[in-house]
Amino acid sequence: MFRRRGDRYVATFAVDEVRVLRKVASEVVGLLTDGFDHSDPVVCRLFPEAYPDDAAGTAEFRRYTEGDLKTAKIDQAGAVLAALPGDSGGEVRLDAEAAEAWLRALNDARLAMGVRLEIKDGTDLGAELDDAVADDPSSSRVFQLSVYAYLGYLQESLLNALID
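Residues numbered from 1 in each chain as written. Predicted model: local features only at pLDDT ≥ 70, side-chain atom pairs only at ≥ 80, totals over all residues. Heavy atoms only, no water.

For the protein, the name recorded in an unreviewed UniProt entry is DUF2017 domain-containing protein, with Micromonospora andamanensis as its organism.

Below is the structure:
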């Protein structure tokens, strides 16, 4: 997918890939703006407690850092949205700074999806997808697991291009 071309990181996306990436990045922005709620397990995963055994310390830390962190996460998702080609698909060309923003945004999207899909550290994603297909091949879970796997593939592809 991503490959290095000079000082750029380049990938070509099909129409469906662009739509999925646009939807995922937009949902992250929505979660961090309109839907921002500390009782949401996804928000808890994206903004973990700095001091799990010290509520006052966590609140103090949050007071000083959360706004900037939230803004950075929104900006990173925005970098994905800004770089995506039109609805017809096409090429994405990222400089090193944009590539780093994409990596962070993809990571946030995967963390959010992982919480919603109840994916744990030891989850065998292939087996999970096989089970979901066996239960109902047209279910939203099959689609969501496929998107989660695709985001991981995209993240790995970009990371490999960066270190080559």
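Draft legend 1. Quick look at the pairing of strand S2 (residues 8-13). For strand S1 (residues 3-5) and S2, the ladder comprises 3 bridges, and the chain directions are antiparallel. Bridge pairing links Arg 4 to Tyr 9 in S2. Hairpin remark: S1 followed by S2, antiparallel, with 2 residues in the connecting loop; positive phi at Gly 6, about 65°. (Pairing = 2+ DSSP bridges. Helix = DSSP H or I, 4+ residues; strand = E, 2+ residues; numbered from the N terminus.)

Draft legend 2. How the structure looks around the sheet that holds S1. Strands sit in the order S1-S2-S3 across an open sheet of 3 strands; the sheet is antiparallel. Strands with a single pairing partner mark the edges of an open sheet, and in this sheet they are S1 and strand S3 (90-94). Strand-to-strand, the axes of this sheet are offset by a mean angle of 35°, without reference to chain direction. Sitting on the sheet, helix H4 (residues 96-116) touches S2 and S3, and the angle it makes with S3 is about 105°. Across the sheet, helix H6 (residues 140-163) is in contact with S1, S2 and S3; its angle to S2 comes to roughly 150°. (Axes fitted to C-alpha atoms, helices over the stretch in contact; angles between N-to-C directions. Contact = heavy atoms within 4.5 Å.)

Draft legend 3. Here's a closer look at the layout of surface pockets. Quantified by volume, the largest pocket comes out at close to 400 Å³. Lining of the largest pocket is provided by 15 residues; of these, Val 24, Glu 27, Met 113, Arg 116 and Gln 144 occupy positions nearest its centre. For the lining of the largest pocket, the secondary-structure elements that each account for two or more residues are helix H1 (15-32), H4 and H6. Element by element, the count of residues in the lining of the largest pocket is highest for H1, at 6 residues. Computed from the structure, the second largest pocket encloses a volume of approximately 240 Å³. The wall of the second largest pocket is formed by Arg 45, Asn 107, Arg 110, Leu 111, Gly 114, Val 115, Glu 118, Ile 119, Lys 120, Asp 121, Tyr 148 and Gln 155. (1 Å grid on protein atoms, 1.4 Å probe; cavity = no way out; pocket = protein on both sides within 12 Å on 5 of 7 lines; lining within 4 Å. Points joined across faces, edges and corners; volume = space filled by probe spheres on them.)

Draft legend 4. How the structure looks around the environment of Ala 77. Examined against the element boundaries, Ala 77 turns out to sit in helix H3 (residues 55-83). The exposure class of Ala 77 is buried, given its relative accessible area of 3%. Measuring from C-alpha to C-alpha, the distance between Ala 77 and Leu 21 comes to 9.8 Å, with 56 residues separating the pair along the chain. Beyond its immediate sequence surroundings of up to four residues, Ala 77 is in contact with Ala 25, Val 28, Val 29 and Ala 105. (Buried < 20%, exposed > 50% of the residue type's maximum accessible area, 1.4 Å probe, protein only.)

Draft legend 5. Inspection of empty space enclosed by the protein at higher detail. Considering all chains together, one arrives at 1 cavity of 30 Å³ or more under this definition. Taken as a whole, the largest cavity spans an internal volume of roughly 90 Å³. As for the largest cavity, its lining consists of 13 residues, of which Val 24, Ala 25, Val 80, Ala 105 and Ala 109 are closest to the centre. For the lining of the largest cavity, the elements supplying multiple residues, two or more each, are H1, H3 and H4. Within the lining of the largest cavity, the residues separate by chemical class into 10 nonpolar, 1 polar and 2 charged. (Nonpolar A, V, L, I, M, F, W, Y, C, P; charged D, E, K, R; others polar.)

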